[in-house]
Structure formats: C-alpha cells, structure tokens
Amino acid sequence: MPESDEVDRIVDAWRRERPDLDFSPLQVLSRVGRLSRHLERARKSAFAASDLESWEFDVLSALRRAGPPYQLSPKSLLQQTLVSSGTMTNRIDRLVERRLVERRTDPHDGRGILVLMTPAGRERVDTAISELLVAESELLDALPKVEQERLASLLRKLSLDFD
C-alpha cells in the first residue's frame, strides 16, 4: 500500500468527525481535483513557452487537428471548444490581431467564413503540444504504462455520461 497523501488525511479527519457518512467519493474525486490543479499549472507553463494562453491553444489545436489547410468554420470551433458564439468571435478577433489565424470567405458559401491558421499559429501550437506532452508525461511518471492505460480506461468510462 502506498504511503498516505493529503486526501487520506482529509478523509480520515472527516470519518472521525462524521462516521455516519460514506466518504469514498472523496477518495477519487478529491484526488482528481488536486491533480487537475497540477495539470493546469503544467499546461500554463507549456503554453507560456509558446506565448499562448490556454484558450488560444484550444482554438489553434482544433485547427491543427483538422489537418491541411488547417481551417474550420466558427461553428466547428464552437463545438470543439464548448464556448458561446460571442466568446468565439472575440477569440477569433484576438487571434487575428496576433496574426495566428486569418478569416477567409468560405468558397462553398459566400456568406460564410472560415478560420485559417497561419504558419505562425501552426508553429506556436506545434511547440505548445510538444511542451505539453512532456509536462503531462512527467505528471504520470509514477505509474507504469499499463496502469496509465487502465486509469485512462476508467476515466473514459466515468466521463462518457458528461460528453
């Protein structure tokens, strides 16, 4: 059995104070929450190395995953980043100002627009994803690959109802 962590100490204290309650959810979700904070720090650092904010990475990575010519409609970007249309418009405007994306008229629909990632945007997102993968790998170093795969499977199962 691994040594105790802060969640064990918190749960033990609650069990002592409230033995009538089942604290087993805290054993999982408090750890997920604490790991989430470590992940946010790692991501912030990885994105800062590319001079990107996390929201910029989200938009640019959606475009990068789309493959050449690295363009999507604002609607597709909305679906992938789970933000409102007003927020997406603002984000696209700011990325255009930074010359990381361009707006283009959709050749199949003269009224529609496409968001196209620039070479500078591609360079930044490629650097950021490389940095991110190193940082995230370090967060998982304590687990062998087989345990990482098992954990990924369990988390996938848990998250299916939320997606």
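Residues numbered from 1 in each chain as written. Predicted model: local features only at pLDDT ≥ 70, side-chain atom pairs only at ≥ 80, totals over all residues. Heavy atoms only, no water.

Caption draft 1: Quick look at the overall build of the protein chain. In terms of regular secondary structure, the protein chain is built from 7 helices and 3 strands. For the protein chain, the N- to C-terminal ordering of α and β elements is α-α-α-β-α-α-β-β-α-α. For a compact globule of 163 residues, the expected C-alpha radius of gyration is about 15 Å, and the protein chain comes in at 21 Å, more than 25% above that figure. When the 163 residues of the protein chain are sorted by exposure, 25% land in the buried category. Here the contacts in the protein chain between residues at least 6 apart in sequence split such that 47% fall between residues at least 24 apart. When the accessible surface of the protein chain is totalled, it reaches about 11600 Å², and 53% of it is carbon and sulfur. (Helix = DSSP H or I, 4+ residues; strand = E, 2+ residues; numbered from the N terminus. Rg over C-alpha atoms; globule rule 2.2 N^0.38 Å. Buried < 20%, exposed > 50% of the residue type's maximum accessible area, 1.4 Å probe, protein only. Contact = heavy atoms within 4.5 Å. Areas by Shrake-Rupley, 256 points an atom, 1.4 Å probe, with all protein chains shown as cover.)

Caption draft 2: Structural detail: the pattern of salt bridges. Under the criterion given, the structure shown has 14 salt bridges. Residues Asp-93 and Arg-103 are paired through a salt bridge, measuring 2.5 Å at the closest nitrogen-oxygen approach. Linking Asp-93 in helix α5 (residues 85–97) with Arg-103 in strand β2 (residues 101–106), this pair joins segments that are 10 residues apart in sequence. One continuous salt-bridge network, built from bridges that share partners, spans Asp-51, Glu-56, Arg-98 and Arg-124. (Salt bridge = Lys/Arg side-chain N within 4 Å of Asp/Glu carboxyl O.)

Caption draft 3: Main features of the packing of aromatic side chains. All chains considered together, the criterion is met by 2 aromatic pairs. With a centroid separation of 5.9 Å and 20 degrees between ring planes, the pair formed by Trp-14 and Phe-23 is classed as stacked. (Phe/Tyr/Trp six-rings, centres within 6.5 Å; stacked < 30°, edge-to-face > 60°.)

Caption draft 4: Representation of the UniProt feature "domain: HTH marR-type" (unreviewed entry) in the protein chain. Under the UniProt annotation, "domain: HTH marR-type" (unreviewed entry) lies at residues 25–160. A distance of 18 Å separates the end C-alpha atoms of residues 25–160, which is 69% helix and 12% strand. (UniProt positions renumbered as here; feature names shortened; annotations may be inferred.)

Caption draft 5: Here's a closer look at the nonpolar core. One finds Leu-60, Leu-63 and Leu-77 to be the most contacted residues of the largest nonpolar core, which totals 22 residues. Elements with a contribution of two residues or more to this core: α2 (24–48), α3 (54–65), α5, β3 (109–117) and α6 (119–140). The element that contributes the greatest number of residues to this core is α3, accounting for 6 residues. (Core = buried A, V, L, I, M, F, W, Y, C linked by side-chain atoms within 4.5 Å.)

Caption draft 6: View of the side chain of Ser-50. Within the fold, Ser-50 resides in the loop between α2 and α3. A relative accessible area of 6% places Ser-50 in the buried class. In this structure Ser-50 touches Arg-124, Thr-127 and Ala-128, once residues within four positions along its chain are discounted.

Caption draft 7: Expanded view of the packing of α3 against helix α4 (residues 74–81). Relative orientation of the contacting elements α3 and α4 amounts to 115 degrees, with a least axis distance of 10 Å. Judged by the angle between their axes, α3 and α4 are roughly perpendicular. Once α3 is placed against α4, the crossing between them reads as right-handed. Counting all contacts with α3, which are made through Asp-58, Val-59, Ala-62, Leu-63 and Arg-65, the residues of α4 involved are Leu-77, Gln-80 and Thr-81. Grouping the constituent residues of the contact of α3 with α4 by class yields 4 nonpolar, 2 polar and 2 charged. (Axes fitted to C-alpha atoms, helices over the stretch in contact; angles between N-to-C directions. Parallel < 35°, antiparallel > 145°, perpendicular 65-115°, else oblique. Left-handed = near helix turned anticlockwise from the far one by under 90°. Nonpolar A, V, L, I, M, F, W, Y, C, P; charged D, E, K, R; others polar.)

Caption draft 8: Spatial organisation of the pairing of β3. Pairing of strand β1 (residues 71–72) with β3, which is carried by 2 bridges, proceeds in the antiparallel orientation. Bridged to Leu-72 within β3 is Val-115. With 6 bridges connecting them, β2 and β3 associate as antiparallel partners. In the sheet register, Glu-102 faces β3, and the bridge partner there is Leu-116. The loop that links β2 with its antiparallel partner β3 comprises 2 residues. (Pairing = 2+ DSSP bridges.)

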